[in-house]
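Chains, contacts and geometry: an overview
Now for the letters of each chain:
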Amino acid sequence: RVIDKEYGVESIVIYPPVDVVGIKPKRKENTILFVGRFSQILQSKGQDILIKTFKKMFDEGLKNWKLVLAGGVEVGVGDSIQNLQNSVQDYPIEIIESPDYKTLKDLYGKAKIFWSASGFNQNEEKNPEKVEHFGITIVEAMAGGVVPIVYNAGGHKEIVIEGENGLLWQTTTELIKKTQSLIIDTKKFRNIALNAKK
């Protein structure tokens, strides 16, 4: 939409290839997962937002759940990763730097919920480059039967149909409420997970 408006064209979207065959659901664990590069260059993936939100949920009584953040590490983000590591001490939060594909498939297979804050607090009309353009990891997670709860901007809106194959959020309060609703309502979780897989 942004490109069409900018250049006065009607572009054809060719989506990137995603392995939806090799990634399979496994025995599910109480894990919330985010997969995305650790980067500050152009597009912040919002790992700090996810950590802050999970810590709030944990402090308010969420037990027997963990948050896993996995992703490749771009040059020059060593300090920011160290800050993230420091911020998760004493919480059931794991940061996995540059996991191999086998590890990723295992994470997708076992996780129940996929979070994304990519694009959070960005104006997608003014700065479309700062929101998620497509979201390959969301589709990979869905292939593993993981329910996506992702920020309502950019490519996320092309992948997730609210309440059918995932959930969209605008505020961290909404992220918490929607996550809690899936934790409590296992039937709702199962239905959305099945639709996500399809």
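Notes on the structure in this doc start here. In this text the structure is predicted, and so the values were computed from the model without any measurement.

What about the pairing of strand S5 (residues 147-151)?
- Extensive coverage of S5 is indicated by the burial of five of its five residues.
- As judged from the four bridges shared by strand S4 (residues 113-116) and S5, these two strands associate in the parallel manner. The partner of Trp-115 across the bridge, within S5, is Ile-149.
- Following the backbone out of S4, through helix H5 (residues 136-143) and into the adjacent parallel S5, one traces a crossover that is right-handed.
- Here S5 runs beside strand S6 (residues 167-169); their pairing, made up of three bridges, is parallel. Bridging across to S6, Ile-149 finds its partner in Leu-167.

As for the packing of helix H2 (residues 47-59) against helix H7 (residues 172-184)
- One can describe the packing of H2 onto H7 by two numbers: an axis separation of 10 Å at closest approach and a directional angle of 55°. As far as their axial angle goes, H7 and H2 are oblique. Regarding H2 and H7, the two cross each other, and that crossing is right-handed. Contacts between H2 and H7 pair Ile-49, Leu-50, Thr-53, Lys-56 and Met-57 from the former with Thr-172, Leu-175, Ile-176, Thr-179 and Gln-180 from the latter.
- Taken together, the residues of the contact of H2 with H7 break down into five nonpolar, four polar and one charged.

Topic: unusual backbone geometry
- Of note in this structure, Asn-64 is not a glycine but carries a positive phi near 65°.
- Looking at Asn-64, the relative accessible area reads 69%, which means it is exposed.
- With a phi close to 65°, Asn-121 is a non-glycine residue in the positive phi region.
- By the secondary structure assignment, Asn-121 is in the loop between S4 and H5.
- We classify Asn-121 as exposed; its relative accessible area is 65%.

Reading the values: rules and limits
- Residues numbered from 1 in each chain as written.
- Predicted model: local features only at pLDDT ≥ 70, side-chain atom pairs only at ≥ 80, totals over all residues.
- Heavy atoms only, no water.
- Buried < 20%, exposed > 50% of the residue type's maximum accessible area, 1.4 Å probe, protein only.
- Helix = DSSP H or I, 4+ residues; strand = E, 2+ residues; numbered from the N terminus.
- Pairing = 2+ DSSP bridges.
- Right-handed = clockwise from strand over helix to strand, strands pointing away.
- Axes fitted to C-alpha atoms, helices over the stretch in contact; angles between N-to-C directions.
- Parallel < 35°, antiparallel > 145°, perpendicular 65-115°, else oblique.
- Left-handed = near helix turned anticlockwise from the far one by under 90°.
- Contact = heavy atoms within 4.5 Å.
- Nonpolar A, V, L, I, M, F, W, Y, C, P; charged D, E, K, R; others polar.

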